[in-house]
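Letter by letter, the chains look like this.
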Amino acid sequence: MLALPETVRDEIVDRARDGIPLEICGVLGGEYESNGRSEVRSQYPAENAAEHPRTRYRIDPEEQLAIFDRLEDRGEEIVGFYHSHPQGPPHPSETDAADATWPDRSYVIVSLDPFEIGSWRWREDDGFEREDVAVE
């Protein structure tokens, strides 16, 4: 279960819409639990550094480390990551699965066409597993 504040959800959706036709991405901070209820407190936008940002996302490693430092300074943990799919699909793509590197973290995807917000936990041995999202 991923607890996602309505304000954070709205910020991510607004960024996704503003970013069309490119995918947007960022990091989710808060309280992380590997097999329980993770709670998002904040989102940290990142530039999409992918070679083909219309169909992929990539957070530059140096920017990612800077975001992780900000999280730590605020007493937060890495809950997961988010990105958009401006033209679907409303679930992780094969590329998303191949590029996932943070086991047990949440990967939130905002699909704009069709519009849907979903979250998946990446399990090292089993791939992506859909999780419930509670918008609070």
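Below, the structure is looked at part by part. (Residues numbered from 1 in each chain as written. Predicted model: local features only at pLDDT ≥ 70, side-chain atom pairs only at ≥ 80, totals over all residues. Heavy atoms only, no water.)

Turning next to the environment of E129. Relative to the helices and strands, E129 resides in strand 7 (residues 127-131). Accessibility expressed as a relative area gives 38% for E129, which makes it partly exposed. Taking C-alpha positions, E129 is 14 Å from G80, a pair spaced 49 residues apart along the chain. Not counting chain neighbours up to four residues away, the residues in contact with E129 comprise S119, W120, R121 and R123. Only 3.3 Å separates the side chain of E129 from the side chain of R123, close enough to count as a polar contact. (Helix = DSSP H or I, 4+ residues; strand = E, 2+ residues; numbered from the N terminus. Buried < 20%, exposed > 50% of the residue type's maximum accessible area, 1.4 Å probe, protein only. Contact = heavy atoms within 4.5 Å. Polar contact = N/O pair within 3.5 Å; in protein donor to acceptor, adjacent residues only side chain to side chain.)

Further remarks concern the layout of surface pockets. Its volume calculated, the largest pocket comes out at about 350 Å³. Around the largest pocket, the lining comprises 17 residues; the ones closest to its centre are Y57, R58, I59, Q64 and D99. Of all the secondary structure elements, the ones that give two or more residues to the lining of the largest pocket are helix 2 (61-73) and helix 3 (94-99). Considering every element that reaches the lining of the largest pocket, the biggest residue donor is helix 3, with 3 residues. By residue class, the composition of the lining of the largest pocket is 8 nonpolar, 4 polar and 5 charged. (1 Å grid on protein atoms, 1.4 Å probe; cavity = no way out; pocket = protein on both sides within 12 Å on 5 of 7 lines; lining within 4 Å. Points joined across faces, edges and corners; volume = space filled by probe spheres on them. Nonpolar A, V, L, I, M, F, W, Y, C, P; charged D, E, K, R; others polar.)

If you walk through the whole model with that rule in mind, you get 4 aromatic pairs. Centroid distance F81 to Y107: 5.6 Å. Interplanar angle 35 degrees. Geometry classified as tilted. On the criterion of sequence distance, the pair formed by F81 in strand 4 (residues 77-85) and Y107 in strand 5 (residues 106-112) is long-range, its members being 26 residues apart. A relative accessible area of 4% places F81 in the buried class. Of the residues examined, Y107 reaches a relative accessible area of 5% and is grouped as buried. A centroid spacing of 5.4 Å and a plane angle of 80 degrees characterise the contact between Y107 and F128, whose relative ring orientation is edge-to-face. In this pair, Y107 sits in strand 5 while F128 sits in strand 7, placing the two residues 21 residues apart along the sequence. When the ring centre of Y32 is taken as reference, the NZ or CZ atom of R105 above it lies at 3.7 Å. (Phe/Tyr/Trp six-rings, centres within 6.5 Å; stacked < 30°, edge-to-face > 60°. Lys NZ or Arg CZ within 6 Å of the ring centre and 35° of its normal.)

Honestly, it's all geometry; don't read function into it.
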